[in-house]
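A structural walkthrough
Spelled out from the first residue to the last, the chains are:
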Amino acid sequence: MTTQLLASTLRVSTPLIFAALGGMFSERAGVINIALEGMMLLGAFGAAVGTLVTHSPWLGLVCGMASGVLMAAIYGLFVIHLRANQIVAGMAINMLALGLTPFLSKILYDVTGSTPAIPIENRFQSAPLYLCWIFVLLSWFWMKYTPAGLWFSFAGEHPEALDAAGIRVNRVRWMAVLLSGALAGMGGASLSIFLSSSFSRNMTAGRGFIALAALIFGKWKPVPAAIACLLFGFTEALQIRLQGVILWGHEPIPVQFIQILPYVVTIFVLAGFVGHSRAPKALGIPFRRR
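Computed from a predicted model, the values in this text were never measured in an experiment.

What follows concerns the overall build of the chain. Within the chain, the secondary structure is distributed over 13 helices and 0 strands. Taken from N to C terminus, the helices and strands of the chain fall in the order α-α-α-α-α-α-α-α-α-α-α-α-α. Expected size for 290 residues packed as a compact globule is a radius of gyration near 19 Å; at 19 Å, the chain falls within 12% of this value. Expressed along its principal axes, the backbone C-alpha trace of the chain runs to roughly 70 × 45 × 30 Å. Looking at the chain as a whole, 49% of its 290 residues are labelled buried. Contacts spanning at least 24 positions in sequence make up 79% of the contacts within the chain whose residues lie at least 6 apart.

One full turn of an α-helix is made of 3.6 residues, so residues set three or four places apart face in the same direction. The end-to-end C-alpha distance of helix H9 (residues 169-195), which contains 27 residues, comes to 38 Å, matching closely the 39 Å that a straight helix rising 1.5 Å per residue would cover. For H9, the principal kink sits at Ala189 and spans about 25°. Buried residues dominate H9, accounting for 20 of its 27 residues.

Along the chain, Arg173 falls in helix H9. Of the buried charged residues, Arg173 lacks a salt bridge, with Glu160 as the closest side chain of opposite charge at 7.7 Å. Among the polar contacts made by the side chain of Arg173, one reaches the main-chain carbonyl oxygen of Ile285 at a distance of 2.9 Å.

So, on to the packing of aromatic side chains. What characterises a pair of aromatic rings is the spacing of the ring centres plus the angle enclosed by the ring planes. Under the definition given, this model contains 8 aromatic pairs. Taken together, a centroid distance of 5.6 Å and an interplanar angle of 80° make the contact between Trp140 and Tyr145 edge-to-face. On the basis of relative accessibility, which here comes to 38%, the residue Trp140 falls in the partly exposed class. Geometrically, the ring pair formed by Trp142 and Phe152 is tilted, given 5.9 Å between the ring centres and 55° between the ring planes.

The next thing to look at is the pattern of salt bridges. Applying the stated rule across the entire model yields 3 salt bridges. Where Lys106 meets Asp110, a salt bridge forms, and the shortest distance between an N and an O atom there is 3.1 Å. Lys106 sits in the partly exposed class, given a relative accessible area of 41%. As a salt-bridge pair, Glu236 and Arg207 come within 2.5 Å of each other at their nearest N and O atoms. Pair noted here: Glu236 is in helix H11 (residues 222-242) and Arg207 is in helix H10 (residues 207-217), with a separation of 29 residues, a long-range link. The residues Glu236 and Arg207 share a single accessibility class, namely buried.

What counts and how
Counting restarts for each chain, with residues numbered from 1 along the sequence as it is written. With the structure being a predicted model, the display of local features is reserved for residues of pLDDT at least 70 and the display and counting of side-chain atom pairs for 80 or more, all residues being used for whole-chain, interface and lining totals. Side-chain numbers come from the whole structure's heavy atoms, not from hydrogens or water. Secondary structure counts use DSSP, requiring at least four H or I residues in a row for a helix and at least two E residues in a row for a strand, with both numbered from the N terminus. Each radius of gyration reported is based on C-alpha atoms, and the globular scaling rule is 2.2 Å times the count of residues to the power 0.38. Exposure is judged per residue with a 1.4 Å probe applied to protein chains only, and the accessible area is read against the type maximum: over 50% gives exposed, under 20% gives buried, and values in between give partly exposed. Whether two residues are in contact is decided by their heavy atoms, any of which lying within 4.5 Å being enough. Working rule for helices: expected span equals 1.5 Å times residues minus one. The quantity called bend is, for any residue, the angle between two axes fitted respectively to the seven residues ending at it and the seven beginning at it. The convention is simple: Lys and Arg are positive, Asp and Glu are negative, and His and the chain ends are not counted. Salt bridges are counted wherever a side-chain nitrogen of Lys or Arg sits within 4 Å of a carboxyl oxygen of Asp or Glu. Between N or O atoms, a polar contact is any pair within 3.5 Å; within protein, one atom must be a potential hydrogen donor and the other a potential acceptor, and residues adjacent in sequence are included only when both atoms are from side chains. In this analysis, rings of Phe, Tyr and Trp, with Trp reduced to its six-membered ring, are considered paired at centre separations within 6.5 Å, and the interplanar angle assigns stacked below 30 degrees, edge-to-face beyond 60, and tilted for intermediate values.

Right, here's the structure in full:
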């Protein structure tokens, strides 16, 4: 039972880790990324369609990443180039993805609920689980030891200093947002072609916001954020295990109470720790070159 719960925790935390890493790059560079949910959702759809067409989960993963990058490009256009409010633009991206995926599904498959089932031989069995932790280590190395990682940090903390050094701040932010979209798209892909057998409507179910909470809990650092994702993954795995369990009398716990467990934990974590996490100084502030 314990081994199964641990395995389930590692599996369900995989999309959260991808999304949290994507959010980290964007926010360390100074761009709030409320749009993770929408990027994940379109990434899940793109991966399912790509896998159904090519019969390859790796090519499906590339399609999921491309879909996430597309949403990130739209988001970047508004918040970096046009300097729109990042919270409002992010929520608009989420609503766009929520409406766009069933529309595209209707066009392609004449249904709005889900895509056709993907055969098991065309889905990932374990690769995304290992891949996400490789990306955690690569992200840690990138942010700590590479010039680009230093640019990301300065774009979010001291953009004027970065600009004075001759580095285009908005170019760095564009790179960070597009990278964020690619990773969020991988998170969505791991939902539709790893944890599930197809894309279903609104299958992210708030995971983008949970990944954002893990990012805040992890203080915008890759390894602590990934560990926070494990915590949220554990609550999700636990609520799956608790469904149908009888703790008292002859009636099981109402499933509705069990299903809200991950979201309740998210609220308590944010309420208890958000005040102790210091966000990048220039987070959410559009850069205007003087």
